[in-house]
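# A look at the structure
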There are 2 protein chains.
Amino acid sequence: MPTQTFFNLPEDKRERLIAGAMKEFSSKSLNDACISNIVKNAKISRGSFYQYFEDKKDLYFFLIGKFRYNSHNLMLKSFQEKNGDFHEGYKLFSEKYIKYIMESEKFGFFENMYLHMSYQINREVRVDFKGTDSQLPKAKRIVDVVNRDNIKVNTENDLLEILKYILSMLNDTIMEGFWKELSVKDTQDLFIKRLEWIIYGIAISNKKEEEI
Amino acid sequence: MPTQTFFNLPEDKRERLIAGAMKEFSSKSLNDACISNIVKNAKISRGSFYQYFEDKKDLYFFLIGKFRYNSHNLMLKSFQEKNGDFHEGYKLFSEKYIKYIMESEKFGFFENMYLHMSYQINREVRVDFKGTDSQLPKAKRIVDVVNRDNIKVNTENDLLEILKYILSMLNDTIMEGFWKELSVKDTQDLFIKRLEWIIYGIAISNKKEEEI
DNA sequence: ATTAAATATGACAACTTGTCATATTATGCT
DNA sequence: AGCATAATATGACAAGTTGTCATATTTAAT
């Protein structure tokens with residue numbers, strides 16, 4: 001987390017630092033990027049940098065948090081728009097999500113992020129499912145807007161696990177999209193294919209029907 | 001790839017280098033590890049290192065290749081033992097695979113590998129599905145030992161895609177296991193739960209039965 | 001105006017990496 | 001054997017990085 005000093009900074013200087021960092025992280029991975037370049041880009045002194053951030057990672061995770069899609073809201077809206085239908089809702093969410101990431105003006109940043117995504121980074125782009133990150137009273141929980149009638153879940157926790165798992169699959173698919181330089185459309189299609197495997201199963205039916 | 005010089009080395013020296021590197025990579029990630037320590041561990045000169053390997057990554061990927069499970073053979077055997085049954089075969093494979101990784105004396109190495117696994121590293125632990133990596137004439141293709149009667153695949157390519165996807169899911173699950181410090185058993189169970197989602201689907205049946 | 005707190009700065013030690021001229025060892029040939 | 005040539009080994013080195021710290025500057029508070 002950045003220090004309070006960073007947030008107290010005159011906007012001009014703060015933005016310069018952010019821009020300088022984004023420039024560096026757009027062409028390099030977290031590991032290849034270096035603070036020397038960032039402070040050079042931003043025209044601030046090296047000593048100052050360490051007054052704002054603990055280290056390179058600290059800054060990087062701050063930027064991820066700053067620029068990541070508000071996927072919680074997007075997911076809520078998507079499920080609501082599709083009346084809670086699992087398949088349609090997740091599909092709509094994924095299409096918008098993928099489009100946002102892969103057509104962003106921050107393409108380079110996201111590309112490097114996904115190509116070098118480890119479990120630690122993965123956690124940073126997770127959705128707050130239970131949640132109410134934002135203190136808005138209207139904020140709803142995603143588990144409340146998903147219609148459970150058509151899916152094999154008993155408890156809220158089952159649903160949560162599935163939602164989380166599919167989200168991690170979505171991120172993996174985006175990673176694959178960047179790696180193989182797939183188009184937005186192809187990445188979306190790849191995700192949807194996998195989503196359908198998970199929803200409808202790959203087994204030919206009635207071999208084993210899970211207890212409902 | 002290591003140079004020929006490396007393979008020409010007297011076994012003693014070569015093993016010293018490998019051991020020195022494993023020591024470093026067992027307590028540090030690829031990025032935190034440094035060549036200085038490795039050559040110090042191995043008691044070889046810095047200059048020599050660069051005669052064998054291009055850089056740290058080159059050595060790292062060599063080690064992954066050297067110590068990774070021969071998953072191709074394990075998968076073949078597992079499916080054969082279960083008469084090609086998709087569910088049972090993959091389950092058996094995953095149980096042995098997870099056990100190997102998580103109970104290996106190279107635990108630290110694998111732990112760091114999984115915790116910092118990016119797409120590039122992920123590729124290194126993939127199975128050669130089509131494959132006959134080994135030139136052994138007996139080597140069979142995995143797609144030939146899977147019984148397709150109970151699964152919704154039309155083409156060999158469909159099957160390949162599903163096999164690959166589930167393998168990447170397996171690796172993600174192992175990653176999660178390391179991150180959350182799950183036991184071998186819990187990691188196996190987590191994988192199997194997800195495997196069953198994919199095989200039997202999470203939808204309550206006959207909502208949409210895919211074309212066979 | 002004076003003092004204390006907050007912020008800024010760049011020189012610095014400690015550490016990396018990859019290279020290269022030089023030294024050593026091995027190999028092949030007569 | 002003796003000599004030439006190729007292969008291998010070595011550590012000093014330039015160039016780069018990181019995080020710190022004593023010092024300078026700015027801001028705020030009385």
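Residues numbered from 1 in each chain as written. Chains lettered and ligands numbered in written order. Predicted model: local features only at pLDDT ≥ 70, side-chain atom pairs only at ≥ 80, totals over all residues. Heavy atoms only, no water.

### Considering the overall build of chain A
- Of regular secondary structure, chain A possesses 12 helices and zero strands.
- From first element to last, N terminus to C terminus, chain A shows the α and β order α-α-α-α-α-α-α-α-α-α-α-α.
- Taken along the three principal axes of its C-alpha coordinates, chain A extends 65 × 40 × 25 Å.
- Of all 212 residues assigned to chain A, the portion counted as buried reaches 52%. (Helix = DSSP H or I, 4+ residues; strand = E, 2+ residues; numbered from the N terminus. Buried < 20%, exposed > 50% of the residue type's maximum accessible area, 1.4 Å probe, protein only.)

### Topic: the UniProt feature "DNA-binding region" (unreviewed entry) in chain A
- On the UniProt side, "DNA-binding region" (unreviewed entry) is annotated at positions that read residues 34–53 of chain A here.
- Each end of residues 34–53 of chain A is marked by a C-alpha atom, and these two atoms are 13 Å apart; helix forms 75% of the span and strand 0%. (UniProt positions renumbered as here; feature names shortened; annotations may be inferred.)

### Regarding the packing of aromatic side chains
- Applying the stated rule across the entire model yields 50 aromatic pairs over all chains.
- A centroid spacing of 4.3 Å and a plane angle of 90° characterise the contact between Y69 of chain A and Y100 of chain A, whose relative ring orientation is edge-to-face. Highlighted residues: Y69 of chain A in the loop between helix 5 (56–67) and helix 6 (71–81) and Y100 of chain A in helix 7 (residues 86–103), separated in sequence by 31 residues.
- Y69 of chain A gets classed as partly exposed once you look at its relative accessible area, which sits at 21%.
- Here Y90 of chain B and F191 of chain B contribute two aromatic rings whose centre-to-centre distance is 6.1 Å and whose plane-to-plane angle is 40°, an arrangement assigned as tilted. With Y90 of chain B in helix 7 (residues 86–103) and F191 of chain B in helix 12 (residues 184–200), this pair connects stretches of sequence that are 101 residues apart.
- A residue is classified by how much of its surface remains accessible, and F191 of chain B, at 0% relative accessible area, is buried. (Phe/Tyr/Trp six-rings, centres within 6.5 Å; stacked < 30°, edge-to-face > 60°.)

### Section: the protein's contact with DNA strand D
- Around DNA strand D sit 15 residues in total, of which R46 and Y50 of chain A together with G47, S48 and Y52 of chain B are the nearest.
- The sugar and phosphate moieties of DNA strand D supply 62% of its atoms located within 4 Å of the protein.
- The separation between a phosphate oxygen of DNA strand D and a polar side-chain atom of N8 of chain B is 3.4 Å.
- Here a base nitrogen of DNA strand D and a side-chain polar atom of Q51 of chain B are 3.1 Å apart.
- Looking at the surface near DNA strand D, the elements that each hand over two or more residues are helix 3 (35–42) and helix 4 (46–52) of chain A together with helix 1 (4–8) and helix 4 (46–52) of chain B.
- Among the elements that make up the surface near DNA strand D, the one with the highest residue count is helix 4 of chain B (four residues).
- When the residues that make up the surface near DNA strand D are grouped by side-chain class, the tally is five nonpolar, seven polar and three charged. (Near = heavy atom within 4 Å. Polar contact = N/O pair within 3.5 Å; in protein donor to acceptor, adjacent residues only side chain to side chain. Nonpolar A, V, L, I, M, F, W, Y, C, P; charged D, E, K, R; others polar.)

### Quick notes on the protein's contact with DNA strand C
- Around DNA strand C there are 15 residues in total, and G47, S48 and Y52 of chain A together with R46 and Y50 of chain B lie nearest to it.
- Within 4 Å of the protein, the contacting atoms of DNA strand C are 63% sugar and phosphate, with bases supplying the remainder.
- Contact between DNA strand C and Q51 of chain A: a base nitrogen at 3.2 Å from a side-chain N or O atom of the residue.
- Counting residues per element, the ones that place at least two in the surface near DNA strand C are helix 1 (4–8) and helix 4 of chain A together with helix 3 (35–42) and helix 4 of chain B.
- Classifying every residue of the surface near DNA strand C by side-chain character gives five nonpolar, seven polar and three charged.

### Looking at the environment of S104 of chain A
Residues and elements named next belong to chain A.
- The topology assignment puts S104 in the loop between helix 7 and helix 8 (107–115).
- Excluding anything up to four places from it in sequence, S104 contacts K99 and F110.
- For S104, the side chain forms a polar contact with the main-chain nitrogen of K106, separated by 2.7 Å. (Contact = heavy atoms within 4.5 Å.)

### Concerning the nonpolar core
- One finds F86 and Y90 of chain A together with F86 and Y90 of chain B to be the most contacted residues of the largest nonpolar core, which totals 148 residues.
- Those residues within four positions of Y90 of chain A in sequence are excluded, and the remaining contacts are M75, F79, D85, L163, I166, L167, F191 and L195 of chain A. (Core = buried A, V, L, I, M, F, W, Y, C linked by side-chain atoms within 4.5 Å.)

### Re the interface of chain A and chain B
- In this assembly, 41 residues from chain A lie in contact with 41 residues from chain B.
- For the chain A and chain B pair, buried surface summed over both sides reaches about 4100 Å², with 61% attributable to carbon and sulfur atoms.
- Counting across the interface, chain A meets chain B through two salt bridges.
- Between E161 of chain B and K193 of chain A there is a salt bridge, with the nearest N and O atoms lying 2.5 Å from each other.
- One can count 18 residue pairs in polar contact (both at pLDDT 80 or more) joining chain A with chain B.
- Among the elements of the structure, helix 7, helix 9 (119–124), helix 11 (156–179) and helix 12 (184–200) of chain A are those that each provide at least two residues to the side of chain A that touches chain B.
- Here the element with the most residues in the side of chain A that touches chain B is helix 11 of chain A; it accounts for eight residues. (Buried area = accessible area lost by both parts, 1.4 Å probe. Salt bridge = Lys/Arg side-chain N within 4 Å of Asp/Glu carboxyl O.)

### Structural notes on the packing of helix 7 of chain A against helix 11 of chain A
Residue and element names in this part refer to chain A.
- Orientation of helix 7 relative to helix 11, taken along the N-to-C sense of each, is 35°, at an axis distance of 11 Å. Pair helix 7 / helix 11 crosses with right-handed handedness. Across the interface between the two elements, F86, Y90, F93, S94, Y97, I98, I101 and M102 of helix 7 pack against L159, I162, L163, I166, L167, L170, N171, I174, G177 and F178 of helix 11.
- Grouping the amino acids of the contact of helix 7 with helix 11 by side-chain chemistry returns 15 nonpolar, three polar and no charged. (Axes fitted to C-alpha atoms, helices over the stretch in contact; angles between N-to-C directions. Left-handed = near helix turned anticlockwise from the far one by under 90°.)

### Describing the confidence of the model for chain A
- Residues with a pLDDT of 70 or more make up 92% of chain A, whose mean pLDDT is 92.
- Segment residues 207–212 of chain A is flagged for pLDDT under 50; beyond a separation of four residues in sequence, or across chains, it makes 13 contacts in the model. (pLDDT = per-residue confidence, 0-100.)

### Structural notes on the pattern of salt bridges
- All told, the structure shown has 21 salt bridges over all chains when counted by the stated rule.
- Between R141 of chain A and D144 of chain A there is a salt bridge; the shortest N-O distance is 2.9 Å.
- Among the residues examined, D144 of chain A registers a relative accessible area of 48% and is labelled partly exposed.
- Across the pair R141 of chain B and E156 of chain B runs a salt bridge, and its minimum N-O distance is 2.4 Å. Here E156 of chain B lies in helix 11 (residues 156–179) and R141 of chain B lies in the loop between helix 9 (119–124) and helix 10 (142–145), a separation of 15 residues in the sequence.
- You can call R141 of chain B partly exposed: its relative accessible area is 26%.
- Residue E156 of chain B is classed as partly exposed on the basis of its relative accessible area, which comes to 31%.
- One salt-bridge network, held together by shared partners, links R141, D144, R148 and E156 of chain A.

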